[in-house]
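# Architecture and fold: a report
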Number of protein chains: 2
Amino acid sequence: MVSAQPAAYVDPFVGTDGMGHTFPGACVPMGSIQLSPDTDIVPHNINGIYQNRTYDYCAGYRHSDSTIVGFSHRHLSGTGHSDLGDILIMPVTGPVRLDGYKSRFSHDTETASPGLYEVTLADYGIRARLTATKRVGVHQYEYPSEEAQHIILDLTHSIYGYDGKVCRATLRVENDTLVTGFRLTDGWARTNYTYFAISFSKPIRDYGYKDRHPSSYGGFWRRFDIGHNFPDMAGRDIVSWFSFDEGEPLTVKVAISAVDAAGAVRNLQAEGAGTFDELAAKAAAAWDKELGRFEVEGTESEKTMFYTSIYHTLIHPSVYMDVDGKYRGVDGNIHEADGFTNYTIFSLWDTYRAEHPFLGLFWPDENSDMIRSMVEHWKQNAVGMLPVWSLMGNENWCMSGYHAVPVLADAIVKGTYKGSVEEALAAMAATSKVRIYEGLGFYMDHGYVPLDESGTAASTTLEYSYDDWTIHAAALKTGNKELAGEYGRRAMNYANVYDTSIGYARPRYADGSFKEQFDIDQTYGEGFIEGNSRNFSFHVPQDVNGLMKLMGGEKQFLKKLENLFAMDLAPEYYADNEDIEKECLVGGYVHGNEPSHHVPYLFAWTSKPWLTQYWVREIINRMYREGIDGLGGNDDCGQMSAWYLFSAMGFYPVCPGTDQYVIGAPYLPYVKITLPGGNTLEIKAKGVSDRNRYVKRVRINGKPLDRRYVTQEDILQGGVWEFEMSARPSGNDRLRKPYSFSDNN
Amino acid sequence: MVSAQPAAYVDPFVGTDGMGHTFPGACVPMGSIQLSPDTDIVPHNINGIYQNRTYDYCAGYRHSDSTIVGFSHRHLSGTGHSDLGDILIMPVTGPVRLDGYKSRFSHDTETASPGLYEVTLADYGIRARLTATKRVGVHQYEYPSEEAQHIILDLTHSIYGYDGKVCRATLRVENDTLVTGFRLTDGWARTNYTYFAISFSKPIRDYGYKDRHPSSYGGFWRRFDIGHNFPDMAGRDIVSWFSFDEGEPLTVKVAISAVDAAGAVRNLQAEGAGTFDELAAKAAAAWDKELGRFEVEGTESEKTMFYTSIYHTLIHPSVYMDVDGKYRGVDGNIHEADGFTNYTIFSLWDTYRAEHPFLGLFWPDENSDMIRSMVEHWKQNAVGMLPVWSLMGNENWCMSGYHAVPVLADAIVKGTYKGSVEEALAAMAATSKVRIYEGLGFYMDHGYVPLDESGTAASTTLEYSYDDWTIHAAALKTGNKELAGEYGRRAMNYANVYDTSIGYARPRYADGSFKEQFDIDQTYGEGFIEGNSRNFSFHVPQDVNGLMKLMGGEKQFLKKLENLFAMDLAPEYYADNEDIEKECLVGGYVHGNEPSHHVPYLFAWTSKPWLTQYWVREIINRMYREGIDGLGGNDDCGQMSAWYLFSAMGFYPVCPGTDQYVIGAPYLPYVKITLPGGNTLEIKAKGVSDRNRYVKRVRINGKPLDRRYVTQEDILQGGVWEFEMSARPSGNDRLRKPYSFSDNN
């Protein structure tokens, strides 16, 4: 029924064009290395000026490009901002050029599967194959026979590079098959240390480098011919070349460390042994092991979408630690992880919604270590906050809120966090009290973020308010009633930015007045972050009934909700907008960006729960497709994919911090999950189809489900869930509705 | 007879003007910290263009300047090239300016003694006091009462700074009295990591910073007011300010580490406890302890010169290691020193001559650890060489030869190296065989460095040849006859650059021909490094008799040697020359630079040994004076001072690698030395004076000395040496002459 090699269903090209911002290269689950081709940024005509549309290149690769610049070792999957592209290697033949060494390629020669990427570089006739371990990128280059084999190692290359991004680089030839080095970059990761160790399968015959930005010092270096066969290279902008004898293919193994080059060498020794094919087989097996926890029935295309989505959820967060447990903390210091694996790449504004709940459910140990990493980040962070966006031992402060808090709360409430819950709670509370953080001082004093202090005051208030509620929930779980009370009060702050006169959230000034000119459909400039009021006003997952009351009762609430999906959004609201393009809209609902991800599930609180079933299937059909442009928005480090996976299985964590998952409808007729403890869960939806998209009845291990949600416990006990599907909607009002804060207070 | 506080005789201002390139600030013996004022570089008219004469500012301070820019934590003592000036702090009052915050000062308000420097900053009315521990710089600032107290912490400041020298800097406010940070610089130390931790004696009231070179990233930082009271600062060119309440003086303690900020904090905790006065007293006591090993009789001025010279020999090499034994190696990796203290600042072209022999004699444990550090440098160095010039975990390749080799050989021969002699010998041999190093491959094959490959081919051949001889000597000491034989042959290579037709060394091309146009008095462009052939030709300390034969016998040799001191060097040979100025000449002999330092002692191999006595006293009289311009050349990390000290005691290590010190004549009537083992050595020269400058007879513990040299053993057994002085020269030909290689082969 199911392939023993589920990795075969994964198509890494999904999302490599259009909005997905994914990369096709090689990695292993949650590995440090994402070894992938970087294509050439072609300047686009933007507003009459030819510019690099760097937004498209967040993952380094655009399927529409025709040239490859080289293969670099770290990439972000699905982000909307760019960095990394570290340690670029390009195999070349003929006379060595340190500029303009890129090559054309044809997609006909290109294949990708989990842990393996291959392409032919047309200009050189070189067949390139890439695979990876957790900390080592592995290249195999088959050159035309009789041709001397060169590689370019370009330490100036960077995704979203600019003059001065590389602060410093060094390169040492340790012996004739080992090179080590370092570069420090000032990018989205503000002070990013990348040490590396590179081994070659045959001896270096000849090598050299050029510093494109030579130092003012350096006179005494003339005692050597430093440009040629000089083993101790350094500079700001170094491009180097290495030559090898013709004949056998060249295998290059590149290990990375943030600690020092010795750490990279240890990583190389620990993980780099074996031939390319052996390592590629290991990488594929690692993916099969993780992907194999799921078995699905469906069309080939549906299986591709399902397994590709799991693949995308398991790229980030990524390990950020050497094999010996050392890592560089957010304080720049070298730490030793005590009993956990340190992770980075926490895109929390995105991933608190479904990615972390997904990992927490099916990879709870890894998710627990991620949380542990966040708590360490808190201890190391000068500002005293849990991560907002953790990138390579740096905080980049991307987006708003403090959404590590719901990730911690969710794991505490669900009992999956294995670290000190007390410490985690302390970190959450401390984070929520950093008065210098975007309007937070005013928010603490007055219950909302004022527009005077933040351009996204309304959405930030909504976000703080939800995050605060999760502290309430976690405190309750631990029996800390005082803390629960304090944050229960803050959880209601969302109401402070509701303008009952228009029935939507609206930013307020410090004097209490609402912003005057206001457009609920406008994404920018209206006090919301990457979303408009029409969508963002529903961002009260903790208190849907409270929100409903504010909006004037269920009828008004439903009207707004139904209209959101049914309406047409005028083109002026999404033209020239990076985050909202036509392709990611369902009516006025924006799936391509995160603030609305829970919104289709809010029908579960109303008398028309079947509308969730209707619209979720609609969203899947429109937003998730096989193919290079198969993602209707930035995958955002797995969040888009995790939304799909939950939704395809028939339930979704609308409010992380509860143990509830709101029922939608399975997209696929059969999913079998091997749960962390070894139990299995089968989810059956016989006959499900676009027509039979409605759920008539759910049986959990034979017993009819009397709620519109399932719990963590329901899932983890495993067994068989049977969804009885129907072509006609049904709304059984006797079913218990999901959690809503003000119902309990 | 002698002060119990010999530090009181030290005048740190000696050499702070003229050629000395010393600094007046605070440090402890061989400490990591040299906390000293940096004065403002005033552009000079050089060749019609106003330029920064950076050569004058190698130590950051020029006595002739009238403004102080601030107080920075690391300085080079006596070098001829510039770097460091790390972590500059300037106390200011009034409105905070991040540019132009310098202050005028008067020397009337300035005092300096070992471990203590004080000055009044006239523009602010601030009394500044500086002291240091090994790893902590301590500032005390007394502000005018009623004035708010500010400091500027300028991470852009550097000695010999240029745009882009600072690659990256970070600054974290850990709490209201602790700041940590980091900067990476691309200077003479090519990739120099400086982490720091700064504690304040009172809470920071307010702070901020500016990045003079903001990054292309950084949009999300707008969630904060990052310029003001934001604790996580970073950038390329950061200038910051901190404000404190008025009232009590402000004490600032700055610890440095090359490992990480946590290492700096540990250094601060381990060494920084105590008030300013307590720490200043400790620093003075540390100096008294080391200086107190010597007791001297003489005028106040002579005592000042003697103790100041010891002071200058004990500034560098400097500890380069955290209190926990961690340090950054030349490979950029973090190492843990196993049973030794790691040192840096090895100016070996200078210091192999007298500085290391001086330390090896009186501070043998420290010198042994310095050698151990050099051996580790060899293991870590990509080029596979012992250090040439080690600077802050970097090799800067300054000057020529491989003069760590004689330092190691000298300690091996004298039995003072406590590490593995076998490993040291392996390091020495490996260093001498790095074919890519300045002409060394050709030298190994053909016996000389060709002018085709090196502009300093003749002197480099002489240097290699001597260095090789020391490998021979060390190998002999360990009984390795094969190695001794191999390097005995290389030791004779000096003869390959002697042109017997002119009787001087002369560079040759690869085809064997000598350079045609040739001027033995010209320092530059003639194949010699910072010396002319007239001086450098005598650089055969290992085989003075062999050289004598080459020169046509003793008569010719003596004629040249006598003439060297008696002649007048035409002004064209020293005008516009950084390394040779009129003030450092004695006839044609150049004392201000190192290649000739042993030359006045070569008379000991001739029938006129008294000429050594004559000229050494002459050199001391002319080149070593109290006062700001009291050094007749760059002190070169103690080499100039060590020459003086040996010479003033009456003996000099002409050929490190032998256990011999050639007898000159004491300059002072009485020196008493407490030797490392606890024995004492008294050197008496009753009645010595400019008139009574000649040695008639020497008695060692009552027994007449029958040689023109003393040995390591003679010195270490201690006792009493009596020099019988006379106004008339005497040359007793029955006295055994010192070592000469070809006499033994």
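Residues numbered from 1 in each chain as written. Chains lettered and ligands numbered in written order. Predicted model: local features only at pLDDT ≥ 70, side-chain atom pairs only at ≥ 80, totals over all residues. Heavy atoms only, no water.

### Concerning the overall build of chain A
Scanning chain A for helices and strands turns up 17 helices and 37 strands. The C-alpha radius of gyration of chain A comes to 26 Å, within 12% of the 27 Å expected for a compact globule of 745 residues. Its C-alpha atoms put chain A at 80 × 60 × 55 Å along the principal axes. Looking at chain A residue by residue over its 745 residues, the buried ones come to 67%. Sequence-distant contacts in chain A: of pairs separated by 6 or more residues, those separated by 24 or more amount to 70%. Carbon together with sulfur atoms contributes 47% to the accessible area of chain A, which is approximately 23,200 Å² in total. Separation of charge centres in chain A, based on 69 positive and 96 negative side chains, amounts to 6 Å. (Helix = DSSP H or I, 4+ residues; strand = E, 2+ residues; numbered from the N terminus. Rg over C-alpha atoms; globule rule 2.2 N^0.38 Å. Buried < 20%, exposed > 50% of the residue type's maximum accessible area, 1.4 Å probe, protein only. Contact = heavy atoms within 4.5 Å. Areas by Shrake-Rupley, 256 points an atom, 1.4 Å probe, with all protein chains shown as cover. Lys, Arg positive; Asp, Glu negative; His and termini not counted. Charge placed at Lys NZ, Arg CZ, Asp CG, Glu CD.)

### With respect to the interface of chain B and chain A
With 58 residues of chain B at the interface, the matching set in chain A holds 58 residues. Between chain B and chain A, roughly 5,000 Å² of surface is buried when both sides are summed, and carbon and sulfur atoms account for 56% of that area. Between R223 of chain B and E438 of chain A there is a salt bridge, with the nearest N and O atoms lying 3.0 Å from each other. Summed over the shared surface of chain B and chain A, the number is 24 residue pairs in polar contact (both at pLDDT 80 or more). Those elements that place two or more of their residues in the side of chain B that touches chain A are β12 (166-175), β13 (178-185), β14 (192-200), β16 (232-235) and α1 (261-271) of chain B. Top contributing element to the side of chain B that touches chain A by residue count: β12 of chain B, with five residues. Residues that form the side of chain B that touches chain A fall into these classes: 30 nonpolar, 14 polar and 14 charged. (Buried area = accessible area lost by both parts, 1.4 Å probe. Salt bridge = Lys/Arg side-chain N within 4 Å of Asp/Glu carboxyl O. Polar contact = N/O pair within 3.5 Å; in protein donor to acceptor, adjacent residues only side chain to side chain. Nonpolar A, V, L, I, M, F, W, Y, C, P; charged D, E, K, R; others polar.)

### Focus: the sheet that holds strand β33 (residues 680-684) of chain B
Residues and elements named next belong to chain B. On the basis of which strands lie adjacent, the open sheet formed by six strands has the order β19-β32-β33-β37-β34-β35 and mixed pairing. Among the strands making up the open sheet, the edge pair consists of β19 (294-297) and β35 (703-704). When β19 meets strand β32 (residues 670-674), the two strands line up antiparallel, connected through four bridges. Each residue of the ladder has a partner; that of E295, found in β32, is K672. Here helix α3 (residues 300-313) sits on the sheet and contacts β19 and β32; the angle it forms with β19, its principal contact strand, is near 160°. (Pairing = 2+ DSSP bridges. Axes fitted to C-alpha atoms, helices over the stretch in contact; angles between N-to-C directions.)

### Structural notes on the packing of helix α7 (residues 404-413) of chain A against helix α10 (residues 457-477) of chain A
All names here are of chain A. Direction vectors running N to C along α7 and α10 enclose 25°, while the axes themselves pass 9 Å from each other. Considered as vectors, α7 and α10 are oriented roughly parallel to each other. As for how α7 packs across α10, the hand of that crossing is left-handed. Each of V405, P406, A409, I412 and V413 in α7 lies in contact with α10, whose residues at this interface are Y466, D467, T470, I471, A473, A474 and K477. Taken together, the residues of the contact of α7 with α10 break down into nine nonpolar, one polar and two charged. (Parallel < 35°, antiparallel > 145°, perpendicular 65-115°, else oblique. Left-handed = near helix turned anticlockwise from the far one by under 90°.)

### Comments concerning the pairing of β13 of chain B
Residues and elements named next belong to chain B. Buried residues dominate β13, accounting for eight of its eight residues. Burial along β13 is two-sided: the residues L178, T180, F182 and L184 and V179, G181, R183 and T185 are all buried. Note: β12 against β13, eight bridges, orientation antiparallel. The residue of β13 that forms the bridge with L171 is G181. Joining the antiparallel neighbours β12 and β13 is a turn of two residues. As defined by bridge partners, β13 adjoins β14 across eight bridges and the pair is classed as antiparallel.

### Examining the sheet that holds strand β30 (residues 651-652) of chain A
Read from one edge to the other, the open sheet built from three strands follows the order β30-β31-β36 (chain A), with strand pairing classed as antiparallel. The open sheet has two edge strands, β30 and β36 (709-711) of chain A, and neither has a second partner.

### Re the relation of the copies chain B and chain A
Once chain B is rotated about the relating axis by 180° and shifted along it by 0.0 Å, it coincides with chain A to within an RMSD of 0.0 Å. Taken together, these values place the two copies in the relation of a two-fold axis. For chain B, the minimum C-alpha distance to the rotation axis belongs to C167 of chain B and amounts to 2.4 Å. (Least-squares fit on C-alpha atoms with pLDDT ≥ 70 in both.)

### Side note on the packing of aromatic side chains
Tallying each qualifying case throughout the model produces 100 aromatic pairs over all chains. On the basis of an interplanar angle of 35° and a centroid distance of 5.8 Å, the ring pair of F646 of chain A and Y661 of chain A is categorised as tilted. You can see F646 of chain A sitting in helix α16 (residues 639-649) and its partner Y661 of chain A sitting in strand β31 (residues 660-663), a full 15 residues away along the chain. Both residues of the pair, F646 of chain A and Y661 of chain A, belong to the buried class. Seen in terms of ring centroids, F358 of chain B and F362 of chain B are 5.2 Å apart; in terms of plane orientation they differ by 70°. Their pairing is edge-to-face. Of this pair, F358 of chain B and F362 of chain B are both found in helix α5 (residues 355-362), four residues apart, which corresponds to roughly one turn of the helix. Note on accessibility: F358 of chain B and F362 of chain B belong to one class, buried. Lying over the aromatic face of Y667 of chain B, R617 of chain B brings its terminal NZ or CZ to 4.0 Å of the ring centre. (Phe/Tyr/Trp six-rings, centres within 6.5 Å; stacked < 30°, edge-to-face > 60°. Lys NZ or Arg CZ within 6 Å of the ring centre and 35° of its normal.)

### Comments concerning the pattern of salt bridges
In this structure the tally under the stated criterion is 88 salt bridges over all chains. In this structure, K289 of chain B engages E290 of chain B in a salt bridge whose closest nitrogen and oxygen atoms are separated by 3.8 Å. Each member of the salt-bridge network shares a partner with another, and the members are E118, R127, R129 and D277 of chain A.

### Some remarks on the side chain of E118 of chain A
Residue and element names in this part refer to chain A. Locating E118 in the fold gives a position in strand β8 (residues 116-121). A relative accessible area of 15% means that E118 is categorised as buried. In terms of polar contacts, E118 uses its side chain to reach the side chain of R127, at 3.1 Å. With sequence-adjacent residues up to four places away left out, E118 is seen in contact with T109, E110, T111, R127, A128 and R129.

### As for the packing of helix α10 (residues 457-477) of chain B against helix α11 (residues 481-491) of chain B
Residue and element names in this part refer to chain B. Two numbers describe how α10 lies on α11: the axes approach to 7 Å, and their chain directions differ by 155°. By the angle class used here, α10 and α11 are roughly antiparallel. Handedness of the α10/α11 crossing: left-handed. The segment α10 lies against α11, with S465, D468, W469, I471, H472, A475 and L476 engaging L483, A484, Y487, G488, R490 and A491. Among the residues forming the contact of α10 with α11, the class breakdown is eight nonpolar, three polar and two charged.

### Observations regarding the nonpolar core
Residue and element names in this part refer to chain B. Counting 180 residues, the largest nonpolar core has F294, F306, F358, M428, Y437, M649 and F651 as its most contacted members. Sort the elements by how many residues they give to this core and α10 lands first, with ten residues. Excluding residues that lie within four positions of it along the chain, M428 makes contacts with L386, V405, L408, A409, I412, T470, I471 and A474. (Core = buried A, V, L, I, M, F, W, Y, C linked by side-chain atoms within 4.5 Å.)

### Some details on the environment of V138 of chain B
As for its position among the elements, V138 of chain B is in strand β10 (residues 136-142). Since its relative accessible area comes to 0%, V138 of chain B is described here as buried.

### Overview of helix α8 (residues 421-431) of chain B
For α8 of chain B, every residue scored as buried is listed here: A424, L425, A427, M428, A429 and T431 of chain B. The inward-facing, buried residues of α8 of chain B abut α6 (364-380), α7 (404-413), α9 (440-446), α10 and α11 of chain B.

### Concerning the side chain of S368 of chain B
Residues and elements named next belong to chain B. Relative to the helices and strands, S368 resides in helix α6. For S368, a relative accessible area of 4% translates into the label buried. Setting aside chain neighbours within four positions, we find S368 in contact with T416, Y417, K418 and G419.

### Overview of the state of the cysteines
Taken as a whole and judged by the stated rule, the model has zero disulfides over all chains. Free cysteine C167 of chain A: the closest other cysteine sulfur is in C167 of chain B, separated by 7.0 Å. For C167 of chain A, a relative accessible area of 4% translates into the label buried. For C637 of chain B, which is in no disulfide, the shortest distance to another cysteine sulfur is to C398 of chain B and amounts to 9.6 Å. (Disulfide = S-S within 2.5 Å.)

### Focus on the environment of I238 of chain A
Within the secondary structure, I238 of chain A sits in strand β17 (residues 238-244). For I238 of chain A, a relative accessible area of 0% corresponds to the buried category.

### A closer look at α3 of chain B
Residues and elements named next belong to chain B. Look at α3: 20 Å from first C-alpha to last across 14 residues, which is about the 20 Å you get at 1.5 Å a residue. For α3, a buried count of eleven out of 14 residues is recorded, marking the element as mostly surrounded by other parts of the structure. Within the sequence span of α3, burial applies to K303, T304, M305, F306, Y307, T308, S309, I310, Y311, H312 and T313. For α3, the secondary structure elements touched by its buried residues are α2 (276-291), β19, α5, α16 (639-649) and β32. (Expected span 1.5 Å × (residues − 1).)

Worth remembering: the numbers are spatial, not functional.
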